[in-house]
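Examination of the molecular architecture
Here is what each chain is made of, one letter per residue.
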Amino acid sequence: MSTMRTVKVDGEARYDICIGPGLLDEAGLFAHALRGKHALIVSDEHVAPLYAERVEATLRKARPALKIERFVLPPGEQEKTLARFCQCLDALATLGATRDAAVVALGGGVVGDLAGFAAACWMRGVDVVQVPTTLLAMVDSSVGGKTAVDLPAGKNLVGAFHPPRAVIADTTTLRTLPPRELRAGLAEVVKYGAIFEADFLTWLEANAASLLSGQDAVLAEAIARSCHYKAEVVSRDPYEHGERALLNFGHTFGHAIEAEQGYSGAGSDALNHGEAVAVGMVLAARLSAALGRAPATDAERLAHLLQRLGLPTTVPDGLEPDALLSRMRLDKKADAGGLRFILWDRAGQAKVVSGVPDEQVLAVLRAC
Ligand code: NAD
Ligand code: GLY
C-alpha cells in the first residue's frame, strides 16, 4: 500500500478518500469502514462481473461473519430512477439489513448516487462506502455526500446529502474503463482548474497526452489533486449554502443538455454527464465573456484544452436554445429570483452570478 494517497474530508462528517492501485483487495481498509453484520454491494452489469467477486472476497476477509448480498442494475443514467431505488431498498429488506449495515457502492456515479440515496433512506440512514470505478466518480461523485435519482422532469431532483463513511478508489479499475468514460471524467478534473486554480489548468495542458493514454501515475496525481479541491470545499460547506455551488460550473447548461437529450444510455448517442459538463463549461466561460466579466481568450483556452482531451465543446445538433433555457429554470441552481449561473472572472476564479438576462443566455446558446 506504499503508493496509496489519502485525502481527508473534515467538518461534521469526517472520512478518508483512499486512492491507489489494488485497494479493492485491502481488507484492512474495508474492515475500518464496516460496523455491522450486513453489507449490500450495489453495482451495475458492466462493473459487477469485473469486480464484485473481488470486493465480496475482501469483505469476507475483513469480516468473516458478514452477511453479503448484491444488487446489480443495468448500466446507464436512464437507470438512476425511483423504481431502481425502490428495488435497492427491497434488496436491503431481503438482506435483513439493520441500522449498522453498510451499502457498498461499487461503480460509477450512477451507482454511487443511487446506492448512496438508498443508504440515506434505509432506516433513516445507514453507512455507505463509496468504491468508485470511473474517473468521474473518483474525482467528484463519490466525495461530498450528494446522492440522488433522476425524474423525467430533470436530473437529481430527488435526493439527500449523505456523506460516505469512506471512499476507496482503486485506480487499477480505470484500466477497464471505456476511453469515452475516461474522457468524461477528465472534464470534471478540468472543472477544478477552471474554478479554483489556473495553474492546475496549465498542469493539465502539459499532461494531456499522458492523461488520455491512462498513464497510472499522472492519473493518480490528477485524482488526488481533484479530491483535494473537492474535500476542501465540502469540508467548509457540506450542504451547499455557499461556495460549494462553484462545483456546479458548467452544470446548469450541462444538466439542461442531458435532460433535453433524454439522458445517455445503452445504444444512445446522447452526451454523457462529463461530456455535457464539458460543453456547459465552455458555454459558462463564453457567457462570462459576453457579460464582460472575463477575457474571451480564457474561454477559448478552456475550449482548446477540452478539445485536446477529446471532449465536445459545442451544443449537440437539434437542441433548441429555448428548450434548453426552459430546462434550466427547473435546475436546482435556479431560485425564486431566477436563473443563477456559475461564471468566472478569469480562468481559476469562479463566481455565483444571479440575474443573468435570458437574452444573453440565448445568444450564447445560439452562437455555440
Ligand atoms: P456511470 O456510472 O454511468 O458509468 C459510466 C459507464 O462506465 C457505465 O456504463 C458503467 O457501467 C461503466 N463502468 C464504470 N466503471 C467501469 C470500469 N471500471 N470498467 C468498465 N466499465 C465501467 O457514469 P459516471 O460518469 O461515473 O457518473 C455519472 C453520474 O454521476 C451522473 O448521474 C451524475 O449526475 C452523477 N454525478 C454525481 C455527483 C455527486 O456529487 N453526487 C457529481 C458528479 C456526477
Ligand atoms: N458535483 C457537485 C457537488 O458535489 O457539489
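Located above this text is the structure these notes cover.
Everything in this summary refers to the structure shown in the same document. Remember, it's a predicted structure, so these values are computed and weren't measured experimentally. (Residues numbered from 1 in each chain as written. Chains lettered and ligands numbered in written order. Predicted model: local features only at pLDDT ≥ 70, side-chain atom pairs only at ≥ 80, totals over all residues. Heavy atoms only, no water.)

Some details on helix α12 (residues 296-308)
Spelled out, the test is: Secondary structure follows DSSP: runs of H or I at least 4 residues long count as helices, runs of E at least 2 residues long count as strands, and numbering of each begins at the N terminus. One fewer than the residue count of a helix, multiplied by 1.5 Å, yields its expected span. Exposure categories follow from relative accessible area, calculated using a 1.4 Å probe and restricted to protein chains: below 20% of the type maximum is buried, above 50% is exposed, and the middle band is partly exposed. Here the arc refers to the directions that run from the helix axis out to each C-beta atom. Pairs of residues are marked as contacts when any of their non-hydrogen atoms sit within 4.5 Å.
Helix length check: α12 (13 residues) gives 19 Å between terminal C-alpha atoms against 18 Å at 1.5 Å per residue, within 8%. Of the residues making up α12, those classed as buried are D298, A299, L302, A303, L305 and L306. Within α12, the buried residues cover an arc of 160° as seen down the axis, which keeps them to one side. Along its buried surface, α12 packs onto α6 (179-196), α7 (198-206), α11 (273-290) and β10 (340-346). Positive backbone phi, at 75°, marks G310, one or two positions downstream of α12.

Looking at the site of ligand 2
The cut-off we apply is this: Note on terminology: near, applied to a residue and a molecule or strand, indicates that one of the residue's heavy atoms is within 4 Å of it. Polar contact is the term for a pair of N or O atoms within 3.5 Å; when the atoms are in protein, one must be able to donate a hydrogen and the other to accept it, and sequence-neighboring residues count only if both atoms are side-chain atoms. Accessible areas in this description were obtained via Shrake-Rupley with a 1.4 Å probe; residue shielding takes into account the shown protein chains only.
The immediate surroundings of ligand 2 are formed by D140, K146, K230, E240, R244, L247 and N248. Within the side chain of D140, an N or O atom sits 3.1 Å from a nitrogen atom of ligand 2. In this structure, an oxygen atom belonging to ligand 2 sits 2.8 Å away from a side-chain N or O atom of K146. Considered on its own, ligand 2 offers 200 Å² of accessible surface; in the complex 89% of this is hidden by protein.

Some words on the pairing of strand β1 (residues 5-9)
Defined as follows: Pairs of strands are assigned from DSSP output, requiring at least two bridges between the strands.
Bridge count for β1 against strand β2 (residues 15-20) is five bridges, and the pairing is antiparallel. Each residue of the ladder has a partner; that of V7, found in β2, is I17. Linking β1 back to β2 in an antiparallel pair, the connection comprises five residues, with G11 at a positive phi of about 95°.

Points about the site of ligand 1
Inclusion rule: When residue character is reported, Ala, Val, Leu, Ile, Met, Phe, Trp, Tyr, Cys and Pro are called nonpolar, Asp, Glu, Lys and Arg charged, and the others, Gly included, polar.
By nearness alone, 27 residues border ligand 1, and D44, E77, T134, K155 and T176 come closest of all. Here an oxygen atom of ligand 1 sits 2.7 Å away from a polar atom, N or O, in the side chain of T134. Here an oxygen atom of ligand 1 and a side-chain polar atom of K155 are 2.7 Å apart. Relative to its unbound accessible area of 870 Å², ligand 1 is 92% covered by the protein chains. When contributions to the shell around ligand 1 are tallied by element, the ones reaching two or more residues are α2 (48-62), α4 (109-121), α5 (135-141) and β8 (154-161). In terms of residue class, the shell around ligand 1 is built from eight nonpolar, 10 polar and nine charged.

Side note on the pattern of salt bridges
Here is the rule: Any carboxyl oxygen of Asp or Glu within 4 Å of a side-chain nitrogen of Lys or Arg constitutes a salt bridge here.
The full count for this structure, using the stated rule, is 32 salt bridges. D127 is the partner of R35 in a salt bridge, and the nearest nitrogen-oxygen pair spans 2.7 Å. Of this pair, R35 sits in the loop between α1 (27-33) and β3 (38-44) while D127 sits in strand β6 (residues 127-132); the two residues are 92 residues apart in sequence, bridging distant segments of the chain. What makes R35 partly exposed here is its relative accessible area of 45%. The buried category is assigned to D127, whose relative accessible area is 14%. Linking D345 and R293 is a salt bridge whose minimum nitrogen-to-oxygen distance equals 3.0 Å. Here D345, found in strand β10, pairs with R293, found in the loop between α11 and α12; they are 52 residues apart in sequence, far enough to count as distant.

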